[in-house]
Amino acid sequence: MLDAQTIAIVKSTLPAIAEVGPKLTAHFYDRLFTHHPELKNVFNMNNQRNGGQREALFNAICAYGGNLDNLAVLLPAVEKIAQKHTSLNVKPEQYAVVGEHLLATIKELLNPGDEVLAAWGRAYAVLADVFIKREEAIYQASETKTGGWRGTRAFRISAIEVQSSVIKSITFEPVDGQPVADYLPGQYVAVYLQPEAFAYQQIRQYSLTQLPDGQRYRIAVKREAQGTVSGWLHDNAKVDDVIQLAAPAGDFFLQVPPEAPVSLISAGVGLTPMLAMLHALAQAQHPAQVNWLHATEAGEQHAFRDEVTRTGSQLSHFSQRIWYREPHAQDAGRYDVQGLMDLAAVSAEMQEKNREFYLCGPLGFMQYVARQLLAAGVEASRIHYEVFGPHKVL
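Residues numbered from 1 in each chain as written. Predicted model: local features only at pLDDT ≥ 70, side-chain atom pairs only at ≥ 80, totals over all residues. Heavy atoms only, no water.

A. Representation of the overall build of the protein chain in the model. When its secondary structure is counted, the protein chain shows twelve helices and twelve strands. Viewed in the frame of its principal axes, the protein chain has a C-alpha envelope of about 70 × 50 × 40 Å. Classification of the 394 residues of the protein chain by burial places 50% in the buried group. Carbon and sulfur atoms provide 52% of the accessible area of the protein chain, an area that totals close to 17,900 Å². Looking at charge distribution, the protein chain has the averaged site of its 34 positive side-chain charges lying 2 Å from that of its 41 negative ones. (Helix = DSSP H or I, 4+ residues; strand = E, 2+ residues; numbered from the N terminus. Buried < 20%, exposed > 50% of the residue type's maximum accessible area, 1.4 Å probe, protein only. Areas by Shrake-Rupley, 256 points an atom, 1.4 Å probe, with all protein chains shown as cover. Lys, Arg positive; Asp, Glu negative; His and termini not counted. Charge placed at Lys NZ, Arg CZ, Asp CG, Glu CD.)

The structure is reproduced here in structure tokens:
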């Protein structure tokens, strides 16, 4: 535990850190990668270039510093980050490296004096210890379950299927022929790539899209405009290629009682974790109403359409509603509404006090949908979501 003086000192510096803004985390990452370029094998450098990771770290620093006397508030964020860290195989000794450069950054930009730096050092040590212990527990749970492992494991691509003009599904089976670990619907696996064209190893997390069967994993990959990994997987990956995967992880997963109605709301490739959830609900013969609400650009981008319809038909109470933003003439009969997703069409659902809402898609889409749900009186605790990339609060 931190003493009152340390907490007071750290909190007193937060206004100065807020004034510096994300410049602080930009300086930190530049410093870190200059001294430890090998960490570019761990970090998503695309998120560095677009500023997403730097903004996320700045927000995390401010949140941590402001809640040193109430760390329980941070536990959901800790869990989300710890799950991501284990998919990246973050090691305890890397926390010391990060701490060194974080303190050096505060000194170089703010020069707050030894007392303040010592206080931040103690505060960081407490946070690092929380992460190290939680991540070790996740690693142990992953490697001790049937079919589990720690670190990475070799998998062979057994199938590649075109699901839309921008999405392919890829199925992996373990090279060693042994079972693979189960997972919760909504979780992801991390894919490790370093072909000759890549200067550094690239790691990306992709949602698992089927029910666990102990034999294989299936993901779906959208080709991103400047996506280093997605571009390689679309253009270069082929059946029988061997790729390293980390064990399934993630804190976003389906968890509802049988009596709770469920709305699965997605846009674009955000349907991937929802697909696993729908399969799980169908397998469990979920007795309450399940609604599938999906938005995409047009028919050619609409992935897994038949699979969703087929899986939903296994439920006694299922409905789906599809939005196409700019449908083509040949899309007639394939969608319900043109334009952006307006939940006024399903207003009755939002009034059900025990309905659970699961969201995934581009950040702007989820913010738009969350505003509609909150305005309709849906409690924030019943809105669950996943952000692909650095986490943001809706």
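B. View of the nonpolar core. Grouped together as the largest cluster of nonpolar side chains are 42 residues, with contacts concentrated most on L32, F43, Y64, L68, L102 and W120. Contributions of two or more residues to this core are made by α1 (4-20), α2 (23-35), α4 (52-66), α5 (75-87), α6 (92-110), α7 (114-144) and β3 (188-193). Sort the elements by how many residues they give to this core and α7 lands first, with eleven residues. Beyond its immediate stretch of four places on either side in the chain, L68 contacts L2, I7, V10 and A123. By size, the runner-up hydrophobic cluster in this structure holds 25 residues, among which are V262, V269, M277 and A282. (Core = buried A, V, L, I, M, F, W, Y, C linked by side-chain atoms within 4.5 Å. Contact = heavy atoms within 4.5 Å.)

C. Just the sheet that holds strand β6 (residues 242-246), in detail. In space, the six strands of this open sheet follow the order β4-β3-β6-β1-β2-β5, with antiparallel pairing throughout. In this open sheet, the two strands that pair with only one neighbour each are β4 (202-207) and β5 (217-222). The mean angle between the axes of side-by-side strands here comes to 40 degrees, regardless of whether they run parallel or antiparallel. Where strand β1 (residues 152-162) lies against β6, five bridges are found, and the strand directions are antiparallel. Of the residues in β6, the one forming a bridge with F155 is I243. Lying over the sheet, helix α8 (residues 228-235) contacts β2 (167-174), β3, β4, β5 and β6, oriented at roughly 75 degrees with respect to β4. (Pairing = 2+ DSSP bridges. Axes fitted to C-alpha atoms, helices over the stretch in contact; angles between N-to-C directions.)

D. Geometry of the pattern of salt bridges. Overall, the coordinates contain 17 salt bridges when judged by the stated rule. Salt-bridge contacts for K80 lead to E386; the nearest nitrogen and oxygen are separated by 3.9 Å. Here K80 is found in helix α5, whereas its partner E386 is found in strand β12 (residues 383-386), with 306 residues between them in sequence. By relative accessible area, which is 17% here, K80 ends up buried. Here D213 makes a salt bridge to R216, at a shortest N to O gap of 2.5 Å. By relative accessible area, which is 36% here, D213 ends up partly exposed. Classification of R216 by relative accessible area gives partly exposed; the value is 26%. Counted as one network, the salt bridges with shared partners bring together K80, D251 and E386. (Salt bridge = Lys/Arg side-chain N within 4 Å of Asp/Glu carboxyl O.)

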